[in-house]
Amino acid sequence: MQKLRVGVIGVGHFGRYHALKTAAAARADLVGVSDPDMTRAAAVAAEAGCAALPLEALIAASEALIIASPADTHFALASRALEAGRHVLVEKPIAATVDEAEILGRLARARGLVLQVGHLERFSAAHGAVAARMGKPLYIEAVRIAPFKPRGTDVSVILDLMIHDLDLILALVAQPVESIDAVGAAVASAHEDIANARVRFANGCVATVTASRISMKTERRMRIFSEAGYLAVDFAARRLSLVGRGQEGGLRMPGFEAFGIEEASWEDHDALAAEHEAFHAACLDGAPVLVDAEAGRLALEAAIGVSRSITESRARAEASGLISPR
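How each quantity is defined
- Residues numbered from 1 in each chain as written.
- Predicted model: local features only at pLDDT ≥ 70, side-chain atom pairs only at ≥ 80, totals over all residues.
- Heavy atoms only, no water.
- 1 Å grid on protein atoms, 1.4 Å probe; cavity = no way out; pocket = protein on both sides within 12 Å on 5 of 7 lines; lining within 4 Å.
- Points joined across faces, edges and corners; volume = space filled by probe spheres on them.
- Helix = DSSP H or I, 4+ residues; strand = E, 2+ residues; numbered from the N terminus.
- Nonpolar A, V, L, I, M, F, W, Y, C, P; charged D, E, K, R; others polar.
- Core = buried A, V, L, I, M, F, W, Y, C linked by side-chain atoms within 4.5 Å.
- Buried < 20%, exposed > 50% of the residue type's maximum accessible area, 1.4 Å probe, protein only.
- Contact = heavy atoms within 4.5 Å.
- Expected span 1.5 Å × (residues − 1).
- Polar contact = N/O pair within 3.5 Å; in protein donor to acceptor, adjacent residues only side chain to side chain.

## Considering the layout of surface pockets
Okay, step 1: The volume enclosed by the second largest pocket comes to roughly 220 Å³.
Okay, step 2: Taken together, 18 residues form the lining of the second largest pocket, with Leu 170, Val 177, Leu 298, Glu 301 and Ala 302 sitting closest to its centre.
Okay, step 3: Secondary structure elements with two or more residues in the lining of the second largest pocket: helix H7 (157-173), strand E8 (177-185) and helix H9 (293-320).
Okay, step 4: Per-element accounting of the lining of the second largest pocket gives the leading share, eight residues, to H9.
Okay, step 5: Broken down by class, the residue content of the lining of the second largest pocket amounts to 12 nonpolar, two polar and four charged.

Quick look at the structure:
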């Protein structure tokens, strides 16, 4: 079996998972890891059974690179890898700006290389269950909240958590964003820790998205309304309920016999392994890239739009005396 020589750049909390998953993959050979903290790199390398290498040596030894470094380094590292002729799987967000995302996309296309963005939720069983049951949405409500953890506070909750739901919603709606109205606040870090956004799409669909990393509990839910019915998803419990016309084999709604109720669940699924398998297939077999540079750019553009709207909302609140100036 042909194997892809893969290196991992950045072996912090999530980069370590990438390294261990690559080491266990059937179609990959983990040639090494690299990190500015070479003590950390050596520890992860020993755990994964590979070498800890300086960045240039890792790029030279690899056919493909997984970039799991801090978000503000993604563009520099991904562009360096692509210019060296290496396939790239870069964690989300793809870059810090839309212009940078577009440059990366052009680099990959010009060199015929795979550029996949690590929007992990696209590879989850939950996304598959939702996409298979929902037609064109009219309204989507997404909530993703969690207790505070210092990890990830180098970026806002928008780029840390909300971007996952923005990417899922963009994939489900498949329409341009027309407008964004958002509010948010930095409570426990230097960046927004809570945010709420109302996103309107060109076809009239509206999505309300809430993200928090200072909550008392973890909750991940989504509700979708369409002409066909109503879908409620509890991602944490791996359970969904669908009320709609023509649901066969499910419960019937009293007084509304044309409507059925479907209750479904899904098994726990290794989304990271699925993400890696898709990356290996794209690199080795030429399979389509499920989350490509354009998908990464669109999610980043929406996240930046949310941040921009929060800044504008804060300015209005300060001008009105609702909140004190920073």
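## Let's talk about the nonpolar core
Okay, step 1: Met 162, Ile 169 and Met 222 are the most contacted members of the largest nonpolar core, which has 39 residues in total.
Okay, step 2: Considering each element in turn, this core owes the most residues, 10 residues, to H7.
Okay, step 3: In contact with Met 222, other than residues within four places in its own chain, are Ile 140, Glu 141, Ala 142, Asp 165, Ile 169, Leu 172, Leu 231, Ala 232, Val 233 and Phe 235.
Okay, step 4: Val 31, Leu 77, Ala 81 and Val 90 belong to the second-largest nonpolar core, a separate cluster that totals 29 residues.

## Brief notes about H9
Okay, step 1: Given a rise of 1.5 Å per residue, 28 residues ought to cover 40 Å, and the 41 Å separating the end C-alpha atoms of H9 matches this to within 8%.
Okay, step 2: Measuring from the backbone nitrogen of Glu 294 back to the side-chain oxygen at the start of H9 gives 3.2 Å, which picks out Asp 292 as the cap.
Okay, step 3: Looking at the residues trailing H9, positive phi occurs at Gly 321, about 85°.

## Let's talk about unusual backbone geometry
Peptide bonds are trans in most cases, and residues, glycine excluded, mostly fall at negative phi.
Okay, step 1: With an omega of -10°, the peptide bond running from Lys 92 to Pro 93 counts as cis.
Okay, step 2: Within the secondary structure layout, Pro 93 lies in the loop between strand E5 (87-91) and helix H5 (98-111).
Okay, step 3: A positive phi angle, near 55°, is found at Ala 174, a position not held by glycine.
Okay, step 4: One can find Ala 174 in the loop between H7 and E8.
Okay, step 5: Although it is not a glycine, Arg 238 adopts a positive phi angle of roughly 55°.
Okay, step 6: With respect to the helices and strands, the residue Arg 238 is situated in the loop between strand E12 (229-234) and strand E13 (239-245).

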